[in-house]
Amino acid sequence: MVSQQSGLELQQQHDGFTLIFQNRVLLKHSSESPCLWIGHGKADIDMFRGNFSIKDRLGEKLALIDAEISSTAAGFDIRFSRGDVAQATLNVAIDAHDRLEMKLSNADSENNRMWLRLAAEPQDHIYGCGEQFSYFDLRGKPFPLWTSEQGVGRNKQSYVTWQADCKENAGGDYYWTFFPQPTFVSSQKYFCHFDNSCYMNFDFSAPEYHELAIWQDEAVLHFDCADSYITLLEKLTALLGRQPELPDWVYDGVILGIQGGTEVCQKKLDVMREHGVKVSGIWAQDWEGRRVTSFGKRLMWNWRWDSELYPELDKRIPQWKKEGVRFLGYINPYVAIEKELYAEAAEKGYLTKDYNGEDYQVEFGEFYAGVVDLTKPEAYDWYKNVIKKNLIEFGLDGWMADFGEYLPTDTVLHNGVDAEIMHNAWPALWAKCNYDALVETGKLGEILFFMRAGYTGSQKYSVMMWAGDQNVDWSLDDGLASVIPAALSLAMTGHGLHHSDIGGYTTLFDMKRNKELLMRWCEFCAFTPLMRTHEGNRPDDNWQFDHDIETISQFARMSHIFVALKPYIKQAVKFNSQSGLPVMRPLFLHYEDDAHTYSLKYQYLFGRDLLVAPVYEEGRTDWSLYLPQDNWINLWTGEPHAGGCEVTVAAPMGQPPVFYRADSEWAELFASLKTL
């Protein structure tokens, strides 16, 4: 047996070894059960409007059965081989932060695939891997990690997904996500994070190991352990970075998603405020113009104020701001080919290229756009200045920083890195461009931007995530329910700020948002860090927030509750920025000894003291949920409940199942909410 400081231990057997870190077995290797495989393959990747078909033409997969171990000052070098056929090296060491670092390199230039098997126990639970909409506990399934459109329906057994697949191969599957990340947390209380951005597939199906496939010839892994999940997340976010606190005005009401021009915004704002709705902002995504396609209302990607559609907007923005209402817009990292920003970028050489050296143009659904090459310093600075001048200087207090997941794998980048490797990293680079614009103008903490796409690095640079384009329906994989595991998965990946479009977005195949769905989504979002509506891609087909007095009254009441919770939410957001403790939390973060909490994916803790179980089925007036061992009080009735069991409670519209801890320091505030 060879041992090392800081809890690193390697036990050698006659036919292999066992690697242990902080009493967790991470690797088990023998000639019969090797932990490392290498091979070679050729990626076959096709993209259509952000939907990717990915296949691997795998030539060979070889088990490296022999392992030769040598000690180093900080750990071990392990040389794997299979006779003279193939070899790879794993350097294992304790870094300056007492984390375990593994550097895996494939010495054979012919091989560009690696499979590492981490030791596991059958009872392990696994969380993270970015934003996962269908599953929270990832045990039992493989999860390919590739940023893309999230898919429509996201369930191959559903009729909607079948329709989307038939039309554009856009139906997706359970693992399709805007925000993947090669990071997971084990119920053994360790995390594993890869530095790589290549295509990967983390397979948690086998009872005795996790097989991590890497489409590259080298990889760097980081591990750390803790005695509690809270401390583990603190360590993970210390590695990845943490989100700053949100602007104070965000908590002052709902941000209304409105399109159609200055007077439309004014009219809808007036109606909502007249009926008592607390409004903190207007989000007009078509502030820079619009186009209409067969998909619905789209935008004119030119990132300059459209003074024809929004006359006198430059004067109305400061007026609204004096009234406590901020104005938000929209931008993404592409420029429409028929407009002047594209012409300027093309002239300056700021767009990514095709293999012939021409500007690469991406088809986005009946129109084309160029990709600003954010790897080129001059292009990065130019686009950052577009944000500074056309958005910040113009007066916007926020925007949706959309897309980021569309980078084609056959485009050529200035930095020389293959686009297949840069593809996953692209959303974080896009986040950094927005973040730097805020920092350099002194607006960080004043201006909000929110993103749907992400990867490693988004923790540092993305001020707020949103869940993307859910269907305007009740489906588990792509409707209201899917937003909850998405938030919890991101929380366990180190990003603790998350919200969603109230009412969903995607309106296709005869689906239409009804009144009940919008009202249920509204009451759910009152217990998230940010309330914001969206009209959807086909607004005329969807029930909207101002369609009748009952709907407006729901928004009025829930916005008042959200505003009343402002000091509580701000405290939770502050904790996230200081220690990485997410705002929306899985129950086991605070109830580790309760085995039942590890399987819950449709309820969460909002901060430490509120337990929320949103109603995500149509026509329900009651709801069942699990209360962990504690003393709980029903937020709406004041009725006390003992924990450690499942309860069924009344859940009429406007009273989603919410409980608070009886001994909370915020109990008086919570008790006051039932009178609102």
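Residues numbered from 1 in each chain as written. Predicted model: local features only at pLDDT ≥ 70, side-chain atom pairs only at ≥ 80, totals over all residues. Heavy atoms only, no water.

**Re the pairing of strand β27 (residues 398-401)**
Then step 1. Neither face of β27 is exposed, since Gly398 and Met400 on one face and Trp399 and Ala401 on the opposite face are all buried.
Then step 2. Judged from the 4 bridges that link them, strand β23 (residues 326-331) and β27 form a sheet pairing that is parallel. Paired with Leu328 across the two strands is Gly398, which belongs to β27.
Then step 3. Handedness of the β27-helix α7 (residues 419-440)-strand β28 (residues 448-451) crossover: right-handed. (Buried < 20%, exposed > 50% of the residue type's maximum accessible area, 1.4 Å probe, protein only. Helix = DSSP H or I, 4+ residues; strand = E, 2+ residues; numbered from the N terminus. Pairing = 2+ DSSP bridges. Right-handed = clockwise from strand over helix to strand, strands pointing away.)

**Regarding the environment of Phe670**
Then step 1. On the secondary structure map, Phe670 appears in helix α13 (residues 667-672).
Then step 2. Taking relative accessible area as the criterion, Phe670 reaches 0% and is therefore assigned buried.
Then step 3. For Phe670 and Ser197, which are 473 residues apart along the polypeptide, the C-alpha to C-alpha distance reads 44 Å.

**Let's talk about the packing of aromatic side chains**
Then step 1. With the rule as written, the count across this model stands at 55 aromatic pairs.
Then step 2. Geometrically, the ring pair formed by Tyr568 and Trp666 is edge-to-face, given 5.7 Å between the ring centres and 80 degrees between the ring planes. Of this pair, Tyr568 sits in helix α12 (residues 566-579) while Trp666 sits in the loop between β38 (658-661) and α13, and the two are 98 residues apart along the sequence. For the pair formed by Tyr568 and Trp666, the shared burial category is buried.
Then step 3. Lying across the ring of Phe545, Lys268 places its NZ or CZ 5.8 Å from the centre. (Phe/Tyr/Trp six-rings, centres within 6.5 Å; stacked < 30°, edge-to-face > 60°. Lys NZ or Arg CZ within 6 Å of the ring centre and 35° of its normal.)

**Focus on the sheet that holds strand β6 (residues 51-63)**
Then step 1. One open sheet accounts for 6 strands, arranged β6-β5-β11-β17-β16-β13; its pairing is antiparallel. Looking at which strands have only one partner, the edges of the open sheet turn out to be β6 and β13 (142-145). Neighbouring strand axes in the sheet, compared pairwise and without regard to direction, differ in orientation by 25 degrees on average.
Then step 2. As paired elements, strand β5 (residues 36-48) and β6 share 12 bridges and run antiparallel to each other. Paired with Asp44 across the bridge in β6 is Lys55. (Axes fitted to C-alpha atoms, helices over the stretch in contact; angles between N-to-C directions.)

**Here's the deal with the packing of helix α3 (residues 262-274) against helix α4 (residues 313-322)**
Then step 1. Running from N to C, α3 and α4 point in directions that differ by 25 degrees, and their axes come no closer than 11 Å. By the angle between their axes, α3 is roughly parallel relative to α4. Handedness of the crossing formed by α3 with α4: left-handed. Contacts between α3 and α4 pair Thr262, Glu263, Cys265, Gln266 and Leu269 from the former with Leu313, Arg316, Gln319 and Trp320 from the latter. (Parallel < 35°, antiparallel > 145°, perpendicular 65-115°, else oblique. Left-handed = near helix turned anticlockwise from the far one by under 90°. Contact = heavy atoms within 4.5 Å.)

**Looking at the sheet that holds strand β36 (residues 640-642)**
Then step 1. Read across the open sheet, the 6 strands follow the order β31-β32-β33-β38-β35-β36; overall the sheet is antiparallel. Here the strands that pair on one side only, and so sit at the sheet edges, are β31 (584-585) and β36.
Then step 2. The pairing of strand β35 (residues 631-634) with β38 spans 3 bridges and is classified as antiparallel. What sits directly across from Asn634, in β38, is Phe659.

**Some words on helix α2 (residues 229-240)**
Then step 1. Over its 12 residues, α2 extends 16 Å from the first C-alpha to the last, a length consistent with the 16 Å expected when each residue adds 1.5 Å.
Then step 2. Within α2, burial applies to Tyr229, Leu232, Leu233, Leu236, Thr237 and Leu240. Looking straight down α2, one finds that the buried residues subtend no more than 130 degrees of arc, so they occupy a single side.
Then step 3. On its buried face, α2 sits against β14 (180-186), β15 (190-194), β18 (218-225), α8 (458-461), α9 (483-491) and α12. (Expected span 1.5 Å × (residues − 1). Arc of directions from axis to C-beta.)

**Side note on the UniProt feature "domain: Glycosyl hydrolase family 31 C-terminal" (unreviewed entry) in the protein chain**
Then step 1. The UniProt feature table records "domain: Glycosyl hydrolase family 31 C-terminal" (unreviewed entry) at residues 580-664.
Then step 2. Secondary structure content for residues 580-664 is 0% helix and 36% strand, and the end C-alpha separation is 21 Å. (UniProt positions renumbered as here; feature names shortened; annotations may be inferred.)

**Side note on the UniProt feature "domain: Glycoside hydrolase family 31 TIM barrel" (unreviewed entry) in the protein chain**
Then step 1. Mapped onto this structure's residue numbering, the UniProt feature "domain: Glycoside hydrolase family 31 TIM barrel" (unreviewed entry) falls at residues 265-555.
Then step 2. Taken end to end, residues 265-555 is 34% helix and 14% strand, and its two terminal C-alpha atoms sit 17 Å from one another.

**Quick word on the side chain of Glu535**
Then step 1. Examined against the element boundaries, Glu535 turns out to sit in the loop between α10 (515-525) and α11 (549-564).
Then step 2. Put simply, Glu535 is tucked away with no salt bridge, and the nearest opposite charge, on Lys268, sits 4.9 Å away.
Then step 3. There is a polar contact of 3.1 Å between the side chain of Glu535 and the side chain of Gln259.
Then step 4. Once you skip the residues sitting within four places of it in the chain, Glu535 turns out to touch Gly257, Ile258, Gln259, Lys268, Arg513, Asn542 and Gln544. (Lys, Arg positive; Asp, Glu negative; His and termini not counted. Salt bridge = Lys/Arg side-chain N within 4 Å of Asp/Glu carboxyl O. Polar contact = N/O pair within 3.5 Å; in protein donor to acceptor, adjacent residues only side chain to side chain.)

**Observations regarding the side chain of His193**
Then step 1. Among the secondary structure elements, His193 is positioned in strand β15.
Then step 2. His193 sits in the buried class, given a relative accessible area of 1%.
Then step 3. At 2.6 Å, the side chain of His193 forms a polar contact with the side chain of Thr183.
Then step 4. Not counting chain neighbours up to four residues away, the residues in contact with His193 comprise Gln181, Pro182, Thr183, Val220, Leu221, His222, Leu239, Leu240 and Thr456.

**Digging into unusual backbone geometry**
Then step 1. Positive phi outside glycine occurs at Glu312, with the angle close to 60 degrees.
Then step 2. Here Glu312 lies in the loop between β22 (296-299) and α4.
Then step 3. Judged by its relative accessible area of 48%, Glu312 is partly exposed.
Then step 4. Unlike most non-glycine residues, Asp510 shows phi in positive territory, near 70 degrees.

**A few points about the state of the cysteines**
By definition, a disulfide links the sulfur atoms of two cysteines through a covalent bond.
Then step 1. Throughout the structure, instances matching the rule amount to 0 disulfides.
Then step 2. Residue Cys225 stays outside any disulfide, its sulfur separated by 11 Å from that of Cys192, the closest cysteine.
Then step 3. Taking relative accessible area as the criterion, Cys225 reaches 6% and is therefore assigned buried.
Then step 4. Cys265 takes part in no disulfide bond, and the closest cysteine sulfur to it belongs to Cys522, at a distance of 19 Å. (Disulfide = S-S within 2.5 Å.)

**Considerations on the domain arrangement of the protein chain**
Then step 1. Segmentation of the protein chain into domains returns domain 1 (1-214) and domain 2 (587-672).
Then step 2. Each of domain 1 and domain 2 has a C-alpha centre, and the two are 36 Å apart.
Then step 3. With 8 residues of domain 1 at the interface, the matching set in domain 2 holds 5 residues.
Then step 4. Both faces combined, the contact of domain 1 with domain 2 buries some 530 Å², and carbon together with sulfur accounts for 58% of it.
Then step 5. In terms of surface lost to domain 2, no three residues of domain 1 exceed Tyr127, Phe136 and Lys189, which account for 64% of the buried area on that side.
Then step 6. On inspection of domain 1 and its partner domain 2, the count reaches 1 salt bridge.
Then step 7. A salt bridge links Lys189 to Glu592; its shortest N-O distance comes to 2.6 Å.
Then step 8. The tally of links from domain 1 across to domain 2 stands at 3 residue pairs in polar contact (both at pLDDT 80 or more). (Domains from an automatic or database assignment. Buried area = accessible area lost by both parts, 1.4 Å probe.)

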